[in-house]
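Reading the structure
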Amino acid sequence: MLSAAAQAGIAVPAACRNGVCEICEARLLAGSVLNTRNQQIIEVCERLMMCRSIALTDLELEISAVMAAGNNQPGKFQAKVVDVRSISHDVYRVELQLPRRRELSFHAGQYLSVNLPDADPCYFSIASSPSAQNIELHIQATPEWVSAQKVIDALTSGGEVTVELPHGKACLASAPTKPLLLVAAGTGFAQMKSLVDYLWETSYDQPVKLYWGVRRHEDMYLRALAQQWQEEWPRFTFLPVVGDDEDNDWAGHHDQLVRAVLASGMDWNNVEVHASGSPTMVYTLMDALVDAGLPEEAFFSDVLEYAPRT
């Protein structure tokens, strides 16, 4: 029942997912449920754990804490820095612990801001599933990327940091009914990781294709993870796109990524597309797919919100 709620975009608080924490408690008002722990059939009762219950009929439930799809309002939180580690030559994996995590809801694919004193907010995609206990970020930082490097320097010192979340409309409040095409450039992979983790948990049964474009092989910082998804999930396909050419400028590589996506042979009238990368890449991709037959309303990217065309 907890997975069914997630597929419908209904955010029910949960933690352990095995009936121990008792956070996903609900009251059964009508219908029949199978308790997967003791295999007993439950009729109307005072309480049940949604993670250990399978619906046998249509149900009427009373849940004390629930948030409907799309109703997550951003708020500021003091997050504890749990871990900061380098996972490539210029990308860091950051793990944050938020207070009252069970009360905080966000959708797969949303992002947050890190707010440092005397600095503008820095925005990063959330790389973890909405059900994960901690928040994961992938931050690309070098001395040339002054704002991102400042964030990494502040986080590696430990302690706490102020974050605001959730932000972003290009997300999944519920599992799509169509096949899904995910396109990421660089650390845009973080947003796609959140989507894939969520879809895996909800037993999504449609094909998923992930194109990840980078300039050089060493920039594909979690390639092994994407390959693992492909090995373990029959409906998932990972297609890396690597320029691997010192003379290939970033704009040229964007064109290469778009050409690879267009060559996928997908039915553009029956697919949902989520893209994460620079505005140049996103708009180049969107224009090409719309020309190929993709309905514009089936294309989702945060770029369309924060960098709209004038």
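Cut-offs and rules
Residues numbered from 1 in each chain as written. Predicted model: local features only at pLDDT ≥ 70, side-chain atom pairs only at ≥ 80, totals over all residues. Heavy atoms only, no water. UniProt positions renumbered as here; feature names shortened; annotations may be inferred. Helix = DSSP H or I, 4+ residues; strand = E, 2+ residues; numbered from the N terminus. Expected span 1.5 Å × (residues − 1). Buried < 20%, exposed > 50% of the residue type's maximum accessible area, 1.4 Å probe, protein only. Polar contact = N/O pair within 3.5 Å; in protein donor to acceptor, adjacent residues only side chain to side chain. Phe/Tyr/Trp six-rings, centres within 6.5 Å; stacked < 30°, edge-to-face > 60°. Pairing = 2+ DSSP bridges. Salt bridge = Lys/Arg side-chain N within 4 Å of Asp/Glu carboxyl O.

The protein appears in an unreviewed UniProt entry as CDP-6-deoxy-delta-3,4-glucoseen reductase from Marinobacter salsuginis. Under the Sequence similarities (unreviewed entry) heading, UniProt states for the protein: "Belongs to the Fre/LuxG FAD/NAD(P) flavoprotein oxidoreductase family."

This next bit is on helix α3 (residues 189-201). Compared with an ideal rise of 1.5 Å per residue, which puts 13 residues at 18 Å, α3 spans 18 Å between its outermost C-alpha atoms and is within 8% of the ideal. Among the 13 residues that make up α3, 11 are buried, leaving the element largely enclosed by the rest of the structure. Among all positions in α3, only Phe189, Ala190, Gln191, Met192, Lys193, Ser194, Leu195, Val196, Asp197, Tyr198 and Leu199 are buried. The positive-phi residue at the C-terminal boundary of α3 is Ser203, with phi of around 55 degrees.

The next point concerns the environment of Asp219. Tracing the backbone shows Asp219 in the loop between β14 (208-214) and α4 (223-232). Separated by 129 residues in the primary sequence, Asp219 and Asp90 place their C-alpha atoms 8.2 Å from one another. Looking at Asp219, its side chain comes within polar contact range of the side chain of His89, at 2.7 Å.

One pass over the full model with this rule turns up 8 aromatic pairs. Taking 6.0 Å as the distance between ring centres and 90 degrees as the angle between the ring planes, the aromatic pair formed by Phe189 and Tyr221 counts as edge-to-face. You can see Phe189 sitting in helix α3 and its partner Tyr221 sitting in the loop between β14 and α4, a full 32 residues away along the chain. Just as Phe189 is buried, Tyr221 falls in that class too. Seen from their ring centres, Trp200 and Trp233 are 5.5 Å apart, and the 80 degrees between their planes marks the pair as edge-to-face.

A word on the pairing of strand β11 (residues 135-140). Counting buried positions over the 6 residues of β11 gives 5, a clear majority of the element. Alignment of strand β8 (residues 91-97) against β11, held across 6 bridges, turns out to be antiparallel. Residue Tyr92 lies in a different strand from β11, and its bridge partner there is Ile139.

Along the chain, Trp233 turns up in the loop between α4 and β15 (236-242). Trp233 sits 25 residues away from Val208 along the chain, and the two C-alpha atoms are 9.6 Å apart.

Between side chains of opposite charge, a pair can form when the charged atoms approach closely. Per the stated rule, a full pass over the model turns up 9 salt bridges. Of the charged contacts, one joins Asp83 and Arg85 as a salt bridge, the two residues approaching to 2.6 Å between their closest N and O atoms. Among the residues examined, Asp83 registers a relative accessible area of 18% and is labelled buried. By relative accessible area, Arg85 is classed as partly exposed at 47%. Here Lys193 makes a salt bridge to Asp197, at a shortest N to O gap of 2.9 Å. Placement of the pair is Lys193 and Asp197 together in helix α3, with a separation of 4 residues, close to one helical turn. Through salt bridges with shared partners, a single network forms among Arg93, Glu95, Glu136, Lys193 and Asp197.

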